[in-house]
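Structural overview
The lines below spell out each chain.
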Amino acid sequence: MNDFPKDFLFGTATASYQIEGAVHEDGRCDSIWDTFSHTPGRVVNGDTGDIACDSYHRWRDDIKLLADLGVNSYRFSIAMPRVMPVENGPVNERGLDFYERITDALLAEGIQPVATLYHWDLPQYLGDKGGWLNRETAYRLGEYAGVVAARLGDRIHTYTTLNEPWCSSYLSYGATEHAPGLGLGPGAFPAVHHLNLAHGLMTQAVRAEVGDRSECSVTCNLQLNRGDADAVHRLDLIANRVWLDPMLRGYYPDELFAITRGICDWSFIQDGDLEQIHQPIDVFGINYYNTGLLAMSDRPQFPQSTEASTAPGASDVDWLPTPGPHTEMGWNIDPDGLHDLLVRVHNDYPEIPLIVTENGMAVADTLETNPDGTRAVHDDLRIDYLRRHFEAARRAMDEGVDLRGYFVWSLMDNFEWAFGYTKRFGIVYVDYETLERTPKDSYHWYQRLIADRRIPDAA
């Protein structure tokens, strides 16, 4: 069966630094991504988010695109640098006003706002004090969450505390690909714990303002790996259960401590932290793009020196090439992985409903001009990708997974972090010279899916 329930959330997703631009307007301070993108050699072509899609000024046009698409939900992120741009200083009302305008405009179109409170753009003044390596950052994020919830209240359908803390820790502090790019390997584990702590504190702060009138959530990019069972289990502990168990169960698995004993003593966990982290949430978000293929090597588990890594404690694991086809990001296309991941999380944590908060495909899109002068992007590969992933999600639902919604990444092409403007994920094409938006064929395909609540054919 390919029909979706009447209350199923169909949406698209964006992130503040990737689309807004206007980095020095209306009181916004620099974020760690402003610093990172302006550092030579960090981002392809030296691209930055200074202008991005200029959604700070064109947000009304973007909401019209959402309304025409027919989505009943939109996942956007709120930039802490706009809301709290001065350390220990006053709240920036102009920043809150901006997100309040977006929230009210969405509601006027019948679109439920889903607000991600942290999508990686940490204020640089917190970065200067160690960022997520500093425990105090978690408390500052808790305060910020309370400020946002006090202003926007229950007009927000769902408050999502964090987006992909794996990236905010391992990719940013363990490795060098994301801001601040410190490459500390196992030195990222304090960031892992402080992000978990921030999630709990942010959830409590939101609840203090809105109670149960809005939903609370968190979004993780969990890994679905295949291959050697020992390697898969090791990475499950490091990449998945390090978030799932504290947030949903109130503990870190003992096996995690065992496999990292040679590189981390976890002494940064303080009494009472796990009670703070383990807060009731209404839905758990999963971002899914691809799968991995693992094998054990003959290398030692721990290198002699601390080296950059997104998987500290797994130096003896090899990531093997995955069978094709692959996207422009080099990621394999494996819709069954989405099904398997949803089923796994449902089976292990059956009490929590799930939502696909991101899924999409980077394609080398080409903007064409039709004989009548209109413009179009024929992205059949993306349509096929989305169709097969929606089918995989629907199959998981048929097997009992409580899946509440699906957000396509992304509404529009945007600043793709360290890849700059070289990768296009949007279902709306953005001309980065004129900033003109052009709905792609995938936009119209998704429009039909939403209208019929049924997966259409690729054609």
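In what follows, the structure referred to is the one given above.
Description of empty space enclosed by the protein
Here the structure, examined in full by the defined rule, presents three cavities of 30 Å³ or more. Space inside the largest cavity adds up to approximately 120 Å³. What lines the largest cavity is a set of 15 residues, and nearest its centre among them are Ile19, Ser55, Tyr74, Phe76 and Ile102. Taken together, the elements giving at least two residues each to the lining of the largest cavity come down to α1 (16–19), α3 (55–69), β2 (73–77) and α5 (93–108). For the lining of the largest cavity, the element with the highest residue contribution is α3, accounting for four residues. When grouped by side-chain class, the residues that make up the lining of the largest cavity number nine nonpolar, four polar and two charged. Taken as a whole, the second largest cavity holds about 50 Å³ of empty space. For the second largest cavity, the full set of lining residues is Ile32, Trp33, Tyr118, Trp120, Trp132, Cys167, Ser168, Ser172, Tyr173, His178, Ala179 and Pro180. When contributions to the lining of the second largest cavity are tallied by element, the ones reaching two or more residues are α2 (32–37) and α8 (165–174). Among the elements that take part in the lining of the second largest cavity, α8 stands out by supplying four residues, more than any other. Considered class by class, the residues forming the lining of the second largest cavity number nine nonpolar, three polar and no charged.

Focus: the packing of aromatic side chains
To describe a pair of aromatic rings, you give the distance between the ring centres and the angle between the ring planes. What the rule picks out here adds up to 34 aromatic pairs. With 5.7 Å between their ring centres and 25° between their planes, Tyr74 and Phe76 make a pair best called stacked. Overall, the relative accessible area of 6% leaves Tyr74 in the buried class. Among the residues examined, Phe76 registers a relative accessible area of 3% and is labelled buried. Consider the rings of Phe390 and Trp445, whose centres lie 6.3 Å apart with planes at 55°: the pair is tilted. Here the residue Phe390 occupies a position in helix α14 (residues 380–398), and Trp445 occupies one in helix α15 (residues 441–452), the gap between them amounting to 55 residues. Pairwise contacts between aromatic rings join Tyr17, Trp33, Phe36, Trp120, Phe415, Trp417, Tyr421 and Tyr432 into one cluster. Taking the ring centre of Phe98 as reference, the NZ or CZ of Arg82 above it sits at 6.0 Å. Note that Arg424 overlies the ring of Tyr429, its terminal NZ or CZ placed 4.0 Å from the centroid.

Comments concerning the pairing of strand β5 (residues 215–220)
The element β5 is extensively covered by neighbouring structure, given that five of its six residues are classed as buried. Where β5 and strand β7 (residues 283–287) come together, four bridges link them in parallel fashion. The residue bridging Ser217 from the neighbouring strand is Val283, located in β7.

Considerations on the sheet that holds strand β6 (residues 225–227)
The strand order across the open sheet built from three strands is β6-β8-β9, with neighbouring strands paired in mixed fashion. Two strands bound the open sheet, and with one partner strand each, they are β6 and β9 (317–319). The sheet shows a mean angle of 40° between the axes of neighbouring strands, taken without regard to direction. Across three bridges, the pairing between β6 and strand β8 (residues 292–296) is parallel. Looking across to β8, one finds that Gly227 is bridged to Leu294. Helix α10 (residues 229–249) rests against β6, β8 and β9 of the sheet, and its axis sits at about 115° to β8.

Here's the deal with the packing of α8 against helix α9 (residues 189–210)
One can describe the packing of α8 onto α9 by two numbers: an axis separation of 9 Å at closest approach and a directional angle of 160°. Relative to α9, the element α8 lies roughly antiparallel. The interaxial crossing formed by α8 with α9 has right-handed handedness. Residues Pro165, Ser168, Ser169, Tyr170 and Tyr173 of α8 pack against Phe189, Ala191, Val192 and Leu195 of α9. Class assignment for the residues of the contact of α8 with α9 results in seven nonpolar, two polar and no charged.

Examining the layout of surface pockets
If you add up the space inside the largest pocket, you get close to 970 Å³. Around the largest pocket, the lining comprises 36 residues; the ones closest to its centre are Trp166, Leu171, Asn221, Asn290 and Trp331. Looking at the lining of the largest pocket element by element, the count peaks at three residues for α8. Looking at the lining of the largest pocket, its residues break down into 18 nonpolar, 14 polar and four charged. Computed from the structure, the second largest pocket encloses a volume of approximately 240 Å³. In terms of lining residues, the second largest pocket is bounded by 18 residues, among which Asp7, Leu9, His157, Glu215 and Arg404 are the most central. Of all elements in the fold, only β4 (158–163), β5, β10 (354–358) and β13 (403–409) reach the threshold of two or more residues within the lining of the second largest pocket. The element best represented in the lining of the second largest pocket is β13, accounting for three residues. Along the lines of polarity and charge, the residues of the lining of the second largest pocket split into eight nonpolar, five polar and five charged.

What about the sheet that holds β5?
Reading around the barrel, the eight strands line up as β1-β2-β3-β4-β5-β7-β10-β13 and close back on themselves, with parallel pairing between neighbours. The sheet shows a mean angle of 25° between the axes of neighbouring strands, taken without regard to direction. Lying over the sheet, α14 contacts β1 (9–13) and β13, oriented at roughly 170° with respect to β13.

What counts, and at which threshold
- All chains use their own residue numbering, which begins from 1 and follows the written sequence.
- Side-chain atom pairs in this predicted model are given and counted only at pLDDT of 80 or more, local residue features only at pLDDT of at least 70, and totals for whole chains, interfaces and linings cover all residues.
- The side-chain figures draw on all heavy atoms in the structure; neither hydrogens nor water molecules are used.
- Using protein atoms alone on a 1 Å grid, points that fit a 1.4 Å probe yet trap it form a cavity, whereas open point sets bounded by protein on both sides within 12 Å along at least five of seven lines form a pocket; residues with an atom within 4 Å of a point count as lining.
- Grid points are joined across faces, edges and corners, and a volume is the space filled by probe spheres set on the points.
- Helix and strand assignments follow DSSP, with helices taken as H or I runs no shorter than four residues and strands as E runs no shorter than two, numbered in order from the N terminus.
- The classification used treats Ala, Val, Leu, Ile, Met, Phe, Trp, Tyr, Cys and Pro as nonpolar, Asp, Glu, Lys and Arg as charged, and all other residues, Gly among them, as polar.
- Centres within 6.5 Å make a pair out of two Phe, Tyr or Trp rings, where for Trp the six-membered ring is used; the pair is then stacked when the planes are under 30 degrees apart, edge-to-face when over 60, and tilted otherwise.
- Relative accessibility decides the category of a residue: with a 1.4 Å probe and only protein chains considered, values under 20% of the type maximum give buried, values over 50% give exposed, and everything between is partly exposed.
- Any Lys NZ or Arg CZ found within 6 Å of a ring centre and within 35 degrees of that ring's normal is scored as a charge over the ring.
- DSSP calls a pair of strands paired once it identifies at least 2 bridges connecting them.
- The axes used here are C-alpha line fits, helices contributing only the stretch in contact, and every angle between their N-to-C directions lies in the interval 0 to 180 degrees.
- We call two residues contacting when some pair of their heavy atoms lies within 4.5 Å.
- Convention used here: angles under 35 degrees read as roughly parallel, angles over 145 as roughly antiparallel, angles from 65 to 115 as roughly perpendicular, and any remaining angle as oblique.
- Helix crossings get a hand from a simple test, with the near helix turned counterclockwise from the far one by less than a right angle marking a left-handed crossing and a clockwise turn marking a right-handed one.

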